[in-house]
Amino acid sequence: MSEIKILNSPSVPNIPWQDKPEGLKGAPIWRYSENPIIDRNPLENVSRIFNSAVISYDGKFIGVFRGEQTNGIPHMYLGHSEDGISWEFDSERIHLVNEAGEDYMPRYAYDPRLVKVEDAYYIIWCGDFYGASIGMARTTDFKTFIRLENPFIPFNRNAVLFPRKINGNYVMLSRPSDGGHTPFGDIFLSESPDLAYWGKHRRVMARGINWWESVKIGAGAAPIETSEGWLLFYHGVSGTCNGFVYSVGGAILDIDNPSVVRYRCENFLLTPEEWYEERGFVPNVTFPCAAVSDADTGRIALYYGCADSYVSIAFTTVSEIVEYIIKHSVLSKEDEEIGICD
Ligand code: BMA
């Protein structure tokens, strides 16, 4: 295999990084030794920050964080960091305006993703639209956040925008669900010419191939464009006698037609095993929401929520993780598309 490269992505020379520890077993992705990077009670009136999204910005890092307020309601908070590891948070929640410039505050907002497409940054979260649904906002300066139309009808969660248009359209992954803790769920893809009207819906991949992802799956970080296809980190959920367990999975989607799965790793990449993943408000959760990558070195820093209580980082390189996913790829009938008209 020729050298695997990250494409159409900036250099991030200050990407958080630690070398691979000796004796690492399993998938070539390793935890930051100082995890978790955000502790409990990070802000007045916010008891936990987890499941949050980070990108490089202006030579530094910026993030949209899920902050669980002390009244139990989740909202989004902006964070700033020089190194992607130590964070300072705005004390106020992110305030949105609608397209007419009027204040708009969602009733709640959780599991944000943050993606740059062309000259704008998009926040995609799960909010309330007659139940759990996808909310979206655009900013160009991280000062004014303009609320966009709801892309989908309820119920839906885990929406992630691709970082560039494909065949002229914006492309978004999402996970149709129910209004509760959703005991099912596959990843779907939708296209839009304008971020308002969405269609050409396709199923990308289904739950159920391997036990660790047999209950439901959901897109995690915004896909990373590589010379082998779109690298997708996602979460896969299994049902145990003591409840759900959330692991991190990996797949490679076709570069021009990303509803086609090229490779899907049969092994999880990360599963709860450290104290901060196994113990917390909701035990046994590793929930990826963002991946910062450096096109020059191929380094990737994956940000993931832990036990609905903390944020942590894991490191890998594009070559190591893509080679591992390809080597351990098993596709099934469940990755094929049905019910479409082309
Ligand atoms: C899912 C989402 C996530 C959460 C996970 C585990 O349904 O609500 O925010 O991390 O459950 O509680």
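Structure: above.
I will try to describe carefully the structure that is included in this document.

Conventions and cut-offs
- For every chain, the first residue of the written sequence is number 1, and numbering continues from 1 along that sequence.
- Given that this is a predicted model, residues contribute local features only at a pLDDT of at least 70 and side-chain atom pairs are listed and counted only at 80 or more, while totals for whole chains, interfaces and linings are drawn from all residues.
- The basis for the side-chain values is all heavy atoms of the structure; hydrogens and waters are excluded.
- Exposure classes here rest on a 1.4 Å probe applied to the protein chains alone. A residue is buried below 20% of its type maximum, exposed above 50%, and partly exposed in between.
- Only DSSP runs of H or I with at least four residues qualify as helices, and only runs of E with at least two residues qualify as strands; both kinds are numbered from the N terminus onward.
- Pairing between strands is defined by DSSP: at least two bridges between them are needed.
- In these notes, a set of buried Ala, Val, Leu, Ile, Met, Phe, Trp, Tyr and Cys residues joined through side-chain atoms within 4.5 Å is what counts as a nonpolar core.
- Only heavy atoms matter for contacts: two residues are in contact if any of them lie within 4.5 Å across the pair.

**Overview of the pairing of strand β19 (residues 243-253)**
Each regular strand shows side chains that alternate between the opposite faces of the sheet.
Item 1. Within β19, nine of the 11 residues are buried, which leaves the element mostly enclosed by the surrounding structure.
Item 2. Direction of pairing for strand β18 (residues 229-240) relative to β19: antiparallel, over a ladder of 11 bridges. Across the sheet, the residue bridging to Gly-236 is Ser-247, located in β19.
Item 3. The loop that links β18 with its antiparallel partner β19 comprises two residues.
Item 4. Both β19 and strand β20 (residues 261-264) contribute to a ladder of three bridges, which runs antiparallel. Within the sheet, the bridge partner assigned to Leu-253 lies in β20 and is Val-261.

**With respect to unusual backbone geometry**
Most peptide bonds adopt trans geometry, and most residues besides glycine take a negative phi value.
Item 1. A cis amide bond links Asn-35 to the next residue, Pro-36, at an omega of -10°.
Item 2. If you trace the backbone, Pro-36 turns up in the loop between β1 (30-31) and β2 (46-57).
Item 3. The residue after Pro-154, namely Phe-155, is reached through a cis peptide bond having omega 0°.
Item 4. Its location among the elements puts Phe-155 in the loop between β11 (145-147) and β12 (156-161).
Item 5. Non-glycine residue Asn-45 carries a positive phi angle of around 70°.
Item 6. Structurally, the position occupied by Asn-45 is in the loop between β1 and β2.

**Focus on the nonpolar core**
Item 1. Judged by nonpolar contacts, the single largest core of 39 residues is most densely connected at Ile-37, Leu-114 and Tyr-303.
Item 2. Sorting the residues of this core by element identifies β2, β3 (60-69), β4 (74-81), β8 (109-117), β9 (120-128), β21 (286-293), β22 (299-306) and β23 (310-317) as the ones contributing at least two each.
Item 3. If one sorts the elements of this core by residue count, β2 sits on top with five residues.
Item 4. Discounting chain neighbours no more than four positions away, the residues touching Leu-114 are Ala-53, Ile-55, Ile-62, Gly-63, Val-64, Tyr-121, Tyr-122, Ile-123 and Phe-142.

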